[in-house]
Amino acid sequence: MSRGAARPRHVATTKCRSRRPLASLTACLQLHGHADLSDRRTPRLAPSRRASLRLHARWYPPLVVRAGGLRRRGRPTGSLCPVSRHSDDDAPIDPRARAGTEQRRRPLAGPRRLPLRAASFALQRNGSPTPVVSGSLAADGSFRVEVEPGLYTLVIGAVDHAQIAQPLLLAGPVEVEGELGTYFRPEPGEALQLRRQWLDAEDKPLDEDWRPAARTPAGTYRLDLADRPPRAVKLRYQLSRDYGTHNGPVADSYESDGGGDFWSVLALAGRDALELDLAALPPAGKPARLEWRGEPPDQRAVRIFRDTWGPRSTALQRSMTAPDGKVREPTPAQRAALAALAAEARADADAAADDDTRMLLRLAYLDVFPVLHDPAHAREQADWILARVDPLDPRLGLLSSVPFHLGRVLETADESFAARAEVWLGHAADHPHAELALTALHYLLARADARGLDDRVAALYARVREPRFADNFNAEFIARQFDPDRPIQRGKPFPDFEFPALAAGAPPVTGAARRGRPYFIEFWATWCGPCVAGMPELHAAYAAVNDLQAGPGEDALHELGPAARPNIEFVFVSLDAKPGDVEAFRAQQWTMPWTHAIVRPDDLADVWGRFGFMGIPMGVLVDEAGTVVALSSDLRDDELVPTLRQAARATPAAAIPARTAAGRP
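Along each chain, residue indices are assigned from 1 in the same order as the chain's sequence is written. In keeping with the model being predicted, local features are shown solely for residues with a pLDDT of at least 70 and side-chain atom pairs are shown and tallied solely at 80 or more, while totals for entire chains, interfaces and linings include all residues. Each side-chain value is worked out from all heavy atoms of the structure, with water and hydrogens disregarded.

## A closer look at the overall build of the chain
Item 1. A count of helical and extended segments in the chain gives 16 helices and 24 strands.
Item 2. Only protein chains enter the calculation, and the probe is 1.4 Å; a residue is then buried if its accessible area is under 20% of its type maximum, exposed if over 50%, and partly exposed in between. Across the 665 residues that make up the chain, the buried fraction comes to 48%.
Item 3. Within the chain, contacts between residues separated by at least 24 positions form 69% of all contacts whose residues are at least 6 apart in sequence.
Item 4. All accessible areas in this document rest on Shrake-Rupley with a 1.4 Å probe, and a residue is counted as covered only by the protein chains that are shown. Accessible surface, the chain as shown: approximately 31500 Å² in total, 52% of it carbon and sulfur. Numbering of helices and strands runs from the N terminus; a helix is a DSSP stretch of H or I covering at least four residues, while a strand is a stretch of E covering at least two. Any two residues whose heavy atoms approach within 4.5 Å at even a single point are treated as in contact.

Below, the structure is given as structure tokens:
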């Protein structure tokens, strides 16, 4: 089912000559806002006649990534060779012949045609957090690098623009030009959440926190800066958005945040407040307009399908999202609209000209329209995957949903389906794309672990530690779950601990003080979106398992009080840099009427390593003997209350002490 790549031609670069055959990706991005696109005419680039596909234009100067050829045997060398952005024979084309405008040089524009402020790129491979190559784009929006052929993700971020992350199966020359889009920005209402980082004179971070900027009568947002640390001379800040952050409208300069977006940086001299006018940002929610040329026809079909149906699906799903980021139960009208849109997209996929393209578009359909809310349809799609899709097809690296879809159906499937799915995933574990292979191994490990097959778990885990997965974030994530020496495991003692209490002057919160009674410990932070989104469930569970009578509706849970004699003690350990952030959160948002502790900033790295977790929220249920009973996966959604109640029933009533005044949170 996979297709062999065409033999790449030799390319000689201006600053580095390679003796190996090279294929090239040539790309050219114009990074600017979308304030007045309706009357803007875009000149097209004249095709280059050179093997390097160096574009003879500076109107949209080229972004170039060259992929070096693979040897007949052995692994790629992974060597990189920088290439100059322009050669001596580059010359601008005459735009009058194509756009009917006078010939003149115009710089690439930012929002409302302002010059480009800052932009960065990274070329990532095999899930490594370290890019193969990264850097800043030139002011004209260009860069060039050389890499080996294979599957990559090209990530480009720019000030005022939405990050793009485009998977690329590089085997021959590809060109792209166009415009980046902008992030969707919901109306913030009366408060705009800001992420702040204070810097000293040497640009070293002093502190980091989140603060709300209050809406003014003029419609701007203002935040007092009087709480700055004494040695702070600069402020870096970002605006909060759905599951991320991006730069703000006021800045002296911009710096990459290392994740594809930017900080706004301000000198603090003479500044006692920050006032932000969101109207100074480019219009929100504008899609990217990119034109790709030279893609293999099958990859082009997948990209066009995603570009056509993805934004429409996202818009519908956004209408089902609550302000706290949680997905609401769709209304009948929303459900019908999503079903109709999915049916239209499925018909589009089935109308492809040949079987191979139909197969790829149907997989792309699963990327755009997850069908897990309909178990029968999900099973139908999973059966089709097992029957029709080659688990070693290299193009599956472009389609993220395939192993996830099978893994989710596996959770409730019969043994006949499970056996077939495990065979498919076993083959996928040999896929050349590390991310897909690791996802397959992860599901196989989870299945074996749930059935208590220790020898199979050990064999599968040994594969996760193979050299080809070195420096891969997902491999480390899996190791935290299945490493036989990991510090937190079901049936084993929970590590002893001692954390400072949140309340000043209160005794430390220790594991030793909790022996003889069960407790639920969770590591969290006020800046963690999923942690905050889970507060309604946690308060409802605390009330249910401790026999508290909360009033009707979520508002009553916000004011929930402590249990005098809790059946299950809740112990929440905050990773916030400032205890005051937790205190303000409890006073203004959720009472969290249970025991609270903090991690000192200097101890943070040690805590992450000692407890072996890679993200928060991370919850653990510990029984009266100090043994781990359940982990985060068993302590969310519908599983939370039954799991807590089961632990409470297993504890003798005499072992549960009454809550004293000194023990109040």
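## What to know about helix H14 (residues 579-588)
Item 1. For H14, every residue scored as buried is listed here: Asp581, Val582, Phe585 and Arg586. Across the axial projection of H14, the buried residues extend over an arc of 130 degrees, all falling on one side. Exposed side chains of H14 directed beyond 90 degrees from the buried face belong to Ala587 and Gln588.
Item 2. Buried residues belonging to H14 abut strand S10 (205-215), strand S20 (519-524), helix H11 (529-533), helix H12 (535-545), strand S21 (569-574) and strand S22 (595-598). Each C-beta atom gives one direction from the helix axis, and the arc is the one those directions make.

## As for the state of the cysteines
Item 1. Disulfide: a pair of cysteine sulfur atoms within 2.5 Å of each other. The final tally for this structure, using the stated rule, is one disulfide.
Item 2. The side chain of Cys528 participates in a disulfide bridge whose partner is Cys531; the two sulfur atoms lie 2.4 Å from each other. Judged by the torsion about the S-S bond (80 degrees), the Cys528/Cys531 disulfide is right-handed. Each member of the pair, Cys528 as well as Cys531, is classed as buried.

## Considerations on the pattern of salt bridges
Item 1. Throughout this description, the term salt bridge denotes a Lys or Arg side-chain nitrogen within 4 Å of a carboxyl oxygen of Asp or Glu. Overall, the coordinates contain 37 salt bridges when judged by the stated rule.
Item 2. Where Glu255 meets Arg236, a salt bridge forms, and the shortest distance between an N and an O atom there is 2.5 Å. Of this pair, Glu255 sits in strand S14 (residues 253-256) while Arg236 sits in strand S12 (residues 234-241), and the two are 19 residues apart along the sequence.
Item 3. Since its relative accessible area comes to 14%, Arg236 is described here as buried.
Item 4. A salt bridge links Glu476 to Arg465, with the shortest nitrogen-to-oxygen separation between them at 3.5 Å. Of the two residues, Glu476 is situated in helix H10 (residues 473-482) and Arg465 in the loop between helix H9 (454-464) and H10; the sequence distance between them amounts to 11 residues.
Item 5. According to the relative accessible area criterion, Glu476 is partly exposed, its value standing at 33%.
Item 6. Under the relative-accessibility criterion, Arg465 is labelled partly exposed at 41%.
Item 7. What you see here is one network of salt bridges that share partners, running through Arg196, Asp207, Asp209, Arg211, Asp227, Lys578 and Asp581.

## Considerations on unusual backbone geometry
Item 1. Each neighbour pair has its own omega, and for Ile616 with Pro617 the value is 5 degrees, a cis peptide bond.
Item 2. Here Asp203, not a glycine, exhibits a phi torsion of approximately 65 degrees, which is positive.
Item 3. Position of Asp203 relative to the elements: it lies in the loop between strand S9 (191-199) and S10.
Item 4. In this structure, Met592 takes a positive phi of about 45 degrees despite not being glycine.
Item 5. Mapped onto the secondary structure, Met592 falls in the loop between H14 and S22.

## Things to note about the pairing of S21
Item 1. Judged by how many residues are buried, S21 sits mostly within the fold: six of six residues are covered.
Item 2. Side chains Glu569, Val571 and Val573 of S21 all project onto a buried face; the interleaved residues Phe570, Phe572 and Ser574 project onto the opposite face, where all are buried too.
Item 3. Two elements, S20 and S21, share six bridges in a ladder whose sense is parallel. In the strand pairing of S21, Tyr519 is matched with Glu569.
Item 4. When DSSP locates at least two bridges between a pair of strands, those strands are taken to pair. Relative to S22, S21 is paired through four bridges, and the arrangement is parallel. The residue bridging Ser574 from the neighbouring strand is Ile598, located in S22.
Item 5. For a crossover, the right-handed case is the one in which the path from the first strand over the helix to the second runs clockwise, viewed with the strands pointing away from the viewer. For the crossover that starts at S21, traverses H14 and ends in the parallel S22, the hand is right-handed.

## Some remarks on the confidence of the model for the chain
Item 1. Residue-level confidence of the predictor, termed pLDDT, takes values from 0 up to 100. For the chain, the mean per-residue pLDDT works out to 77, and 78% of the residues sit at or above 70.
Item 2. Contacts of residues 1-114 to residues separated by more than four positions or lying in other chains number 301 contacts, the stretch itself having pLDDT below 50.
Item 3. A low-confidence stretch, residues 653-665 stays under pLDDT 50, and its non-local contacts, those more than four residues away or across chains, total 26 contacts.

## Structural notes on the packing of aromatic side chains
Item 1. Note on aromatic pairs: the rings of Phe, Tyr and Trp (six-membered ring only in Trp) are paired at centre separations within 6.5 Å, and the planes decide the class, stacked below 30 degrees, edge-to-face beyond 60, tilted for the rest. What the rule picks out here adds up to 19 aromatic pairs.
Item 2. Taken together, the ring pairs connect Phe520, Trp524, Tyr542, Phe570, Phe572, Phe585 and Trp594 into an aromatic cluster.
Item 3. It is Arg346 that lies over the ring of Tyr365; its NZ or CZ is 6.0 Å from the centre. Only Lys NZ and Arg CZ are tested; either one counts as a charge over a ring when it is within 6 Å of the ring centre and within 35 degrees of the ring normal.

## Re helix H4 (residues 355-368)
Item 1. For H4, built from 14 residues, the straight-helix expectation of 20 Å at 1.5 Å per residue is met to within 8% by its first-to-last C-alpha distance of 20 Å.
Item 2. For H4, a buried count of 12 out of 14 residues is recorded, marking the element as mostly surrounded by other parts of the structure.
Item 3. Every buried residue belonging to H4 is among Asp356, Thr357, Met359, Leu360, Leu361, Arg362, Leu363, Ala364, Tyr365, Leu366, Asp367 and Val368, and all of these are buried.
Item 4. Close packing links the buried residues of H4 with helix H2 (297-318), helix H3 (332-350), helix H5 (375-388) and helix H6 (401-410).
Item 5. Residue Asp354 occupies the N-cap position of H4, its side-chain oxygen lying 3.1 Å from the main-chain nitrogen of Asp356. Expected helix span is taken as 1.5 Å per residue step, with the number of steps being one fewer than the number of residues. Definition of a polar contact: a pair of N or O atoms within 3.5 Å, with one able to donate and the other able to accept a hydrogen when the atoms are protein atoms, and with sequence-neighbouring residues admitted only if both atoms are side-chain atoms.

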